[in-house]
Amino acid sequence: MSQHSPHPTTAVPRRAVVTGAAGFIGSHLAHTLVQAGAVVVGVDRRDPATDRTAAANLAALQGVPGYMHVTADLLNCAIEPLLVDADVIFHLAGIPGVRPSWGPQFGEYVTCNVLATHRVMGASTRIGVPRLVVASSSSVYGPTDGGASVETDRPQPASPYAVTKLAEEQLCLAHAAQAHCPTAVVALRYFTVYGPRQRSDMFTHRAIQAALTGQPLRLYGDGHQRRDFTYIDDAVTATIAAATTPSAQGVINVGGGSNASLLEVIHIANSLVGRDIQVHQQNPRTGDVLTTRANPGRAREVLGWQPQVDLHSGMRAHMQALTAEPAAYGRVA
Ligand code: NAD
Ligand code: UGA
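Computed from a predicted structure; not experimentally measured.

Trainee: For this particular structure, what's the right way to read the sheet that holds strand E9 (residues 226-231)?
Mentor: Whether parallel or antiparallel, the strands of a sheet pair through hydrogen bonds between backbone atoms. One open sheet accounts for three strands, arranged E7-E9-E11; its pairing is mixed. Of all strands in the sheet, those with a lone pairing partner are strand E7 (193-194) and strand E11 (258-261), marking the two edges. Note that E7 and E9 share two bridges and pair parallel. Across the sheet, residue Val193 finds its bridge partner in E9, namely Thr230. Taken strand by strand, helix H8 (residues 262-273) contacts E9 and E11, and its axis lies near 95 degrees from that of E11.

So, in structure tokens, the structure goes:
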């Protein structure tokens, strides 16, 4: 768990399935749900017996009553048996990461983000699961004029990854719109989530790691790009609220905690550790947008959710977790 506690939630589902449970967001979500009394089935294709990141992410859940882990690939496993009696599916499994999606791995983005999601929605419909919360992405908005993105804005995805995330959320919503579909869908557009156990390809993790180790940090572009950095506990709280708010449906932004540039992230990392990161500047990467900024109105109105953790406190908790967990700290960026 992270150093902060997620905000007290009024309710948690009785029984939940978390796909992508061996990942960054999924493992935090599963842990919070189980701690609050839910029974959770976690599904992930990464096997904690052989995958160090999966093992580190799942360590706090090992042997915890109420948590059952299943190693399976949603592209070919039998999904229905996993869903029996579930109140909600949290569908977080997928291939994340903007920049690699231009490369040969794109096929995996399509199969895991789109085809696997189609299988999950089909199984949910057949079993009659009442609700599915799917992880969408701020990247579906594409380039903006720097203003806040509202859910009704026309999406303009600027990377292959973002195209698959838009397809994923719209696919779930198309299933839900079918007559007699028993599954209500909420698609959460997460904005750059950070905190303990963040994926090692992501910028905040790399900046903190560079500050701690003295290794150089690769900076793509001039560092003026801005993100609505969202702390993991805030993201988890919003995700649970999406499952437990009966009126919640459709697309909702989950972001707005701290809008900051990469240079500000570097500055905070420097100040937390007390030395200056060596920055190696490289060309900007294709498909990276200059600014993401969430309009948080719908999340506030529908979910009663507002982010609580500012970037400095969140990065401090992230750094403390890295230094306290040598296994995670050892992950090389
Ligand atoms: P992550 O890579 O840590 O977790 C994703 C997990 O999904 C992995 O453990 C992976 O093994 C699993 N998975 C992928 N394909 C699978 C399949 N076919 N069957 C079973 N498991 C499969 O990523 P994360 O950062 O925790 O992101 C979780 C979700 O949230 C992703 O869908 C991502 O696109 C989305 N998202 C993340 C962020 C962020 O800032 N981290 C922001 C927006 C959206
Ligand atoms: C993040 C997640 O990685 C995606 O999975 C997610 O879908 C997306 O947020 C989202 O909000 O929807 P991104 O905003 O690109 O994507 O976050 P980072 O991967 O942390 O990158 C942030 C910025 O740092 C980018 O401009 C990137 O080019 C830059 N960066 C990243 C570097 O300069 N150096 C690095 O080593 C890594």
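Trainee: What is the right way to read the sheet that holds strand E5 (residues 131-137) from this model?
Mentor: Pairing within the open sheet is parallel, and its seven strands lie in the order E3-E2-E1-E4-E5-E6-E10. The two strands at the open ends of the sheet, each matched to only one other strand, are strand E3 (67-71) and strand E10 (250-254). The average angle at which neighbouring strand axes cross in this sheet is 20 degrees, direction not considered. Relative to strand E4 (residues 88-91), strand E1 (residues 15-19) is paired through four bridges, and the arrangement is parallel. Within E4, the residue paired with Val18 across the bridge is Phe90. Contacts from helix H1 (residues 24-35) reach E1, strand E2 (39-44), E3, E4 and strand E6 (184-190) within the one sheet, and its direction differs from that of E1 by about 165 degrees. Relative to E6, helix H7 (residues 232-244) is tilted by about 165 degrees, and along the sheet it contacts E4, E5, E6 and E10.

Trainee: For this particular structure, what's the right way to read H1?
Mentor: An α-helix turns once per 3.6 residues; consequently, residues spaced three or four apart project the same way. Helix length check: H1, at twelve residues, gives a terminal C-alpha distance of 17 Å against a target of 16 Å (1.5 Å per residue), a fit within 8%. Burial within H1 is extensive, with eleven of its twelve residues counted as buried. Considered for burial, the residues of H1 that qualify are Phe24, Ile25, Gly26, Ser27, His28, Leu29, Ala30, His31, Thr32, Leu33 and Val34. Gly37 occupies a position one or two residues after H1 and carries a positive phi of about 105 degrees.

Trainee: Is there a simple way to explain the side chain of Ser136 in this structure?
Mentor: Structurally, the position occupied by Ser136 is in strand E5. By relative accessible area, Ser136 is classed as buried at 4%. Here the side chain of Ser136 touches Glu169 through a polar contact of 2.6 Å, side chain to side chain. If we skip the residues at most four places from it in the chain, Ser136 touches Lys165, Glu169, Ala187, Leu188, Arg189 and Tyr190.

Trainee: Just to check I follow, could you spell out the site of ligand 1 for this structure?
Mentor: Every one of the 26 residues lining ligand 1 counts as a neighbour, but Asp44, Arg46, Tyr161, Lys165 and Val193 are closest to it. At 2.9 Å, a side-chain N or O of Asp73 approaches a nitrogen atom of ligand 1. Between ligand 1 and Tyr161, the relevant distance is 2.8 Å, taken from an oxygen atom to a side-chain nitrogen or oxygen of the residue. Burial of ligand 1 by the protein chains amounts to 95% of its free accessible area of 820 Å². Breaking the shell around ligand 1 down by element, the ones donating at least two residues are H1, E5 and helix H5 (160-177). If one sorts the elements of the shell around ligand 1 by residue count, E5 sits on top with three residues. Its residues placed into classes, the shell around ligand 1 shows 14 nonpolar, six polar and six charged.

Trainee: Please explain unusual backbone geometry as it appears in this structure.
Mentor: In this structure, Thr192 takes a positive phi of about 25 degrees despite not being glycine. Structurally, the position occupied by Thr192 is in the loop between E6 and E7. Phi at Arg197 is positive, roughly 70 degrees, even though this residue is not glycine. Mapped onto the elements of the fold, Arg197 is located in the loop between E7 and helix H6 (203-213). Taking the relative accessible area as the measure of exposure, Arg197 reaches 10% and is therefore buried.

Trainee: Could you clarify how one ought to interpret the packing of H6 against helix H10 (residues 311-324) in this entry?
Mentor: Between two packed helices, what matters for the description is the angle formed by their axes and the separation of those axes. One can describe the packing of H6 onto H10 by two numbers: an axis separation of 10 Å at closest approach and a directional angle of 60 degrees. Regarding the angle of H6 to H10, the classification is oblique. Here the hand of the crossing between H6 and H10 comes out right-handed. On H10, the residues that touch Thr204, His205, Ile208 and Leu212 of H6 are Met315, His318, Met319, Leu322 and Thr323.

Trainee: Please explain the UniProt feature "domain: NAD-dependent epimerase/dehydratase" (unreviewed entry) in the protein as it appears in this structure.
Mentor: In this numbering, the UniProt entry assigns the feature "domain: NAD-dependent epimerase/dehydratase" (unreviewed entry) to residues 17-255. The straight-line gap between the two end C-alpha atoms of residues 17-255 is 24 Å; of that span, 36% is helix and 21% is strand.

Trainee: I tried to follow H10 on my own but got confused; where do I start?
Mentor: The terminal C-alpha atoms of H10 lie 20 Å apart, and with 14 residues this matches the ideal 20 Å at 1.5 Å per residue to within 8%. Taken residue by residue, H10 has Leu311, Ser313, Gly314, Met315, Ala317, His318, Met319, Ala321 and Leu322 as its buried positions. A side-chain oxygen of the first residue of H10 lies 3.1 Å from the backbone nitrogen of His312; this N-cap is Asp310.

Cut-offs and rules
- Residues numbered from 1 in each chain as written.
- Chains lettered and ligands numbered in written order.
- Predicted model: local features only at pLDDT ≥ 70, side-chain atom pairs only at ≥ 80, totals over all residues.
- Heavy atoms only, no water.
- Pairing = 2+ DSSP bridges.
- Helix = DSSP H or I, 4+ residues; strand = E, 2+ residues; numbered from the N terminus.
- Contact = heavy atoms within 4.5 Å.
- Axes fitted to C-alpha atoms, helices over the stretch in contact; angles between N-to-C directions.
- Expected span 1.5 Å × (residues − 1).
- Buried < 20%, exposed > 50% of the residue type's maximum accessible area, 1.4 Å probe, protein only.
- Polar contact = N/O pair within 3.5 Å; in protein donor to acceptor, adjacent residues only side chain to side chain.
- Near = heavy atom within 4 Å.
- Areas by Shrake-Rupley, 256 points an atom, 1.4 Å probe, with all protein chains shown as cover.
- Nonpolar A, V, L, I, M, F, W, Y, C, P; charged D, E, K, R; others polar.
- Parallel < 35°, antiparallel > 145°, perpendicular 65-115°, else oblique.
- Left-handed = near helix turned anticlockwise from the far one by under 90°.
- UniProt positions renumbered as here; feature names shortened; annotations may be inferred.

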